[in-house]
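# Remarks on the overall topology
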Amino acid sequence: MNLPIEMQLEDAVEAGDMERVETLLRDGVDPDVLCHGLETSVLELVVAREDAEMVGLFARAGADVERPDSEGRTLLSRAASSRDQSGSLLALLRVGADPNAPDRAGWTPLHWAAVHGYQANVKALLANGANPDAKDGHGSTPQAAAERNRHWGVAQTLAHRDRHPDHPDLAQ
């Protein structure tokens, strides 16, 4: 029995089959399709897999890279908090994801990277226009989030954010 085409896309992503994913998207499968039986988009799987090339493929096919998940978080916020030096984060920034898009609590991707102490992600977000003065629903900045979690290096980077993004301390 053949799987519905949307499920074929999900299966191809899970298998890392770039050629099949490209063919399915070119043949008109909705790049914003949800995973079978879940409220998770197939693109969320791609971001979780850290497949930067596939993120670009979905974006070129018209996927909504700003679509919030069930918790109101964008894919960029998910990538910013998943691991440091996130390939998905960089790929999402390259395709135009908003580095200042807040979730329901007012947290931006920079808040998420800072609270986890992900220095490379913080630097990449700053270099791509993230607002270090953004305040969440309680008035807390990314620097305060880093300090609360004892991520002193990240807090220092955020404290010196007025430097040009190409400064050696802020370079990706």
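Any two side chains of opposite charge can pair, so long as their charged atoms come close to each other. This model, assessed by the stated rule, comprises 4 salt bridges. Between E44 and R67 there is a salt bridge, with its nearest N and O atoms 3.7 Å apart. Linking E44 in helix 3 (residues 42-48) with R67 in the loop between helix 4 (52-60) and helix 5 (75-82), this pair joins segments that are 23 residues apart in sequence. Residue E44 is classed as buried on the basis of its relative accessible area, which comes to 15%. Take R67: its relative accessible area is 25%, and that puts it in the partly exposed class. The partner of R83 in a salt bridge is E50, with the nearest N and O atoms 3.4 Å apart. Within this pair, whereas R83 is found in the loop between helix 5 and helix 6 (87-94), its partner E50 is found in the loop between helix 3 and helix 4, the two being separated by 33 residues in sequence. With a relative accessible area of 39%, R83 lands in the partly exposed category. Linked by salt bridges that have partners in common, D69, E71 and R78 make up one network.

Below, the discussion takes up the nonpolar core. Core analysis: the biggest nonpolar cluster contains 45 residues, and L9, V21, F58, L89, L92, V122 and L125 have the highest contact counts within it. Per-element tally for this core: the top contributor is helix 7 (residues 109-116), with 5 residues. Residues within four places of F58 in sequence aside, it is in contact with L9, V13, V21, L25, P31, V42, L43, V46 and A63.

It is worth spelling out helix 7 at this point. Burial analysis of helix 7 places 7 of its 8 residues in the buried class, the great majority of the element. Restricting attention to buried positions, one finds in helix 7 the residues P109, L110, H111, W112, A113, A114 and V115. G117 sits one or two positions beyond helix 7 and adopts a positive phi of about 75 degrees.

Conventions we followed
- Residues numbered from 1 in each chain as written.
- Predicted model: local features only at pLDDT ≥ 70, side-chain atom pairs only at ≥ 80, totals over all residues.
- Heavy atoms only, no water.
- Salt bridge = Lys/Arg side-chain N within 4 Å of Asp/Glu carboxyl O.
- Helix = DSSP H or I, 4+ residues; strand = E, 2+ residues; numbered from the N terminus.
- Buried < 20%, exposed > 50% of the residue type's maximum accessible area, 1.4 Å probe, protein only.
- Core = buried A, V, L, I, M, F, W, Y, C linked by side-chain atoms within 4.5 Å.
- Contact = heavy atoms within 4.5 Å.

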